[in-house]
Amino acid sequence: MGKNKKDSVAATAMVKQTKYRFLTIFVCVFLSLVAVLTVTLGTISAHKSRNAVAKYNGQTMDTEVASFFASYYKYRFMSALSASGVVGVEDSPGFWNKKGDDGETYGDQLRAGVEEYIKQVLVANYLYDNYTNLTSTDRKKISEACEELLTYRANGKKDEFNKLVSDYGFSYSSLCEASMMLYKASMAERVIYGVDGSNVKNFPTLAESYLKKYSHVYLIFIRTESKFVYENGNRVMGDGGEYLTEPLTDEEKADREKVISEMRDAISALESGVGASMSEEMFFTYQAAHDEGDEDMYADGYYFHESSAFTYEFASALGEVVDKSLNMKVGEYGEVVLDFGVCFIYKDVPTTAAYASGLNEACFTDFYSDASAYLFNETVLSLSKDAKIKDKFFNIDIVNMPYNHEYLPKF
């Protein structure tokens, strides 16, 4: 019995010794693989850093990748110039030596724009990598986009493709790398703030900071030549979808002119100190008694922003009111004379979380998507100041390289 026990213990010890020996060998092999991998990755990283013409926090671009983005930006820049009304935009030395309204040549504007664009692409890639990683689906999408270009532009032959793009300064391999960076840059905003800015609601402080960019105003419309036709307390709408009006009587005109005069005097009194000055209470009293605008907007007024779809639609009919509202200071009162009467304006600070209150739903249909674009752009612009452009970047002849609108991946 004792011998069997000793044999059993010995066998167990041998098993343990074998296990420990295997574990030791495994650890040694694993550590050696890690060491090799670390050296390899370090070598690759050092190589990329040495060859980089631009970099930011581990993100780099070599000459070929930067050339891809430079040629693409040149196409976008020329398109933007034409859209802005610049006449005679063409890819020629003569045009690039012409001076724009700011006194700089278009060539100098192009160079500065390319530098900033490349910095922003690097920053956007950094942000993407900090929030997520490319999935197998993402990589497949990027790969297929590159292969599609190769197939349709060069019959699937890399050598032929490289000849076609040689004047742009890049190759098929650098196109693939640039495509990955372009994809990440285009997706970074969505990764952070969600589709159409749906995640902005999770960043209330940021949402409030964007809300402060809005002009929050209350409006009083007083018609001076006609009035709306009412039936059973509701405005009557014509066959064309417009509200029907009828001429004011002389007495009605006189009453309205008196109200307009009183409001003008009250607003003037704020500056002169003579007479009863306009106040919030007085403004809202006049609004309740004399406004012929949208009663649904009484609760919290209107919100205007240059990027807002609601503002664009409102401005298509009453552009003067929008312009005045955007340019007024908080606490100010203003007036706009219209072809049908007068609009008085009071500008207030935005109400906290107005975009989510439901009181002004029409004003905020695209608030989250606009906020997302604004916040992401501000972040990229802020961080791009720390991106580095190396001297060898300036060896890229941006002005004389062709603009690229043919060899672009479609994701």
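Scoring rules and cut-offs
Residues numbered from 1 in each chain as written. Predicted model: local features only at pLDDT ≥ 70, side-chain atom pairs only at ≥ 80, totals over all residues. Heavy atoms only, no water. Helix = DSSP H or I, 4+ residues; strand = E, 2+ residues; numbered from the N terminus. Buried < 20%, exposed > 50% of the residue type's maximum accessible area, 1.4 Å probe, protein only. Contact = heavy atoms within 4.5 Å. Areas by Shrake-Rupley, 256 points an atom, 1.4 Å probe, with all protein chains shown as cover. Pairing = 2+ DSSP bridges. Axes fitted to C-alpha atoms, helices over the stretch in contact; angles between N-to-C directions. 1 Å grid on protein atoms, 1.4 Å probe; cavity = no way out; pocket = protein on both sides within 12 Å on 5 of 7 lines; lining within 4 Å. Points joined across faces, edges and corners; volume = space filled by probe spheres on them. Nonpolar A, V, L, I, M, F, W, Y, C, P; charged D, E, K, R; others polar. Core = buried A, V, L, I, M, F, W, Y, C linked by side-chain atoms within 4.5 Å. Expected span 1.5 Å × (residues − 1). Left-handed = near helix turned anticlockwise from the far one by under 90°.

1. Considering the overall build of the protein
Inference 1: Scanning the protein for helices and strands turns up 13 helices and 11 strands.
Inference 2: Counting all 411 residues of the protein, 38% fall into the buried class.
Inference 3: Sequence-distant contacts in the protein: of pairs separated by 6 or more residues, those separated by 24 or more amount to 68%.
Inference 4: If you sum the accessible surface of the protein, you get close to 23700 Å²; carbon and sulfur atoms cover 52% of it.

2. A look at the sheet that holds strand β1 (residues 52-56)
Inference 1: One open sheet holds the three strands; their spatial order is β2-β1-β11, and the pairing between them is antiparallel. The open sheet has two free edges, formed respectively by β2 (59-62) and β11 (388-389), since each of these has just one partner strand.
Inference 2: Examined bridge by bridge, β1 and β2 share four bridges and lie antiparallel to one another. Bridge pairing in β2 places A54 opposite M61.
Inference 3: Sheet contacts for helix α4 (residues 106-131): β1, β2 and β11; angle to β2, the most-contacted strand, approximately 140°.

3. What to know about empty space enclosed by the protein
Inference 1: Overall, the coordinates contain one cavity of 30 Å³ or more when judged by the stated rule.
Inference 2: Taken as a whole, the largest cavity encloses approximately 40 Å³ of empty space.
Inference 3: Lining the largest cavity we find L219, Q287, D291, G293, D294, M297, Y298, G301 and Y302.
Inference 4: Here the residues of the lining of the largest cavity sort into four nonpolar, three polar and two charged.

4. Observations concerning the pairing of strand β9 (residues 333-338)
Inference 1: Relative to strand β10 (residues 341-348), β9 runs antiparallel, the two being bridged by six bridges. Bridge pairing in β10 links Y333 to Y346.
Inference 2: Between β9 and β10, which pair antiparallel and follow one another directly, the connecting turn spans two residues.

5. Quick look at the nonpolar core
Inference 1: Of all hydrophobic cores here, the largest spans 86 residues; its most connected members are F69, I118, F314 and V321.
Inference 2: Those residues within four positions of F69 in sequence are excluded, and the remaining contacts are M61, Y117, I118, V121, A178, M181 and L182.
Inference 3: Residues F283, Y333, V342 and Y346 belong to the second largest nonpolar core, which totals 15 residues.

6. Points about helix α9 (residues 250-272)
Inference 1: With 23 residues, α9 should cover 33 Å at 1.5 Å per step; its first-to-last C-alpha distance of 32 Å lies within 8% of that length.
Inference 2: Listed as buried for α9 are R256, V259, I260, M263, A266, I267 and A269.
Inference 3: If you follow the buried residues of α9, they end up packed against β3 (215-223), β4 (226-228), α10 (280-290), β9 and β10.
Inference 4: Remark: G273 follows α9 within two positions and exhibits a positive phi of approximately 80°.

7. A word on the packing of helix α7 (residues 172-193) against helix α13 (residues 367-384)
Inference 1: Relative to each other, α7 and α13 sit at 115°, their axes nearing to 10 Å. Helix-helix and strand crossings are classified by hand; for α7 and α13 the assignment is right-handed. The residues of α13 that touch α7, namely those facing A188, E189, I192 and Y193, are S369, S372, A373, L375, F376 and T379.
Inference 2: When the residues that make up the contact of α7 with α13 are grouped by side-chain class, the tally is six nonpolar, three polar and one charged.

8. Focus on the layout of surface pockets
Inference 1: The space that makes up the largest pocket amounts to roughly 460 Å³.
Inference 2: Along its surface, the largest pocket is lined by 15 residues, and F221, G293, D294, F314 and L318 are the ones closest to its centre.
Inference 3: Taken together, the elements giving at least two residues each to the lining of the largest pocket come down to β3 and α11 (309-327).
Inference 4: No other element matches the five residues that α11 contributes to the lining of the largest pocket.
Inference 5: Residue composition of the lining of the largest pocket, by class: nine nonpolar, one polar and five charged.
Inference 6: The space that makes up the second largest pocket amounts to roughly 360 Å³.
Inference 7: Lining the second largest pocket are 15 residues, with R76, Y117, Q120, A185 and F376 positioned closest to its centre.

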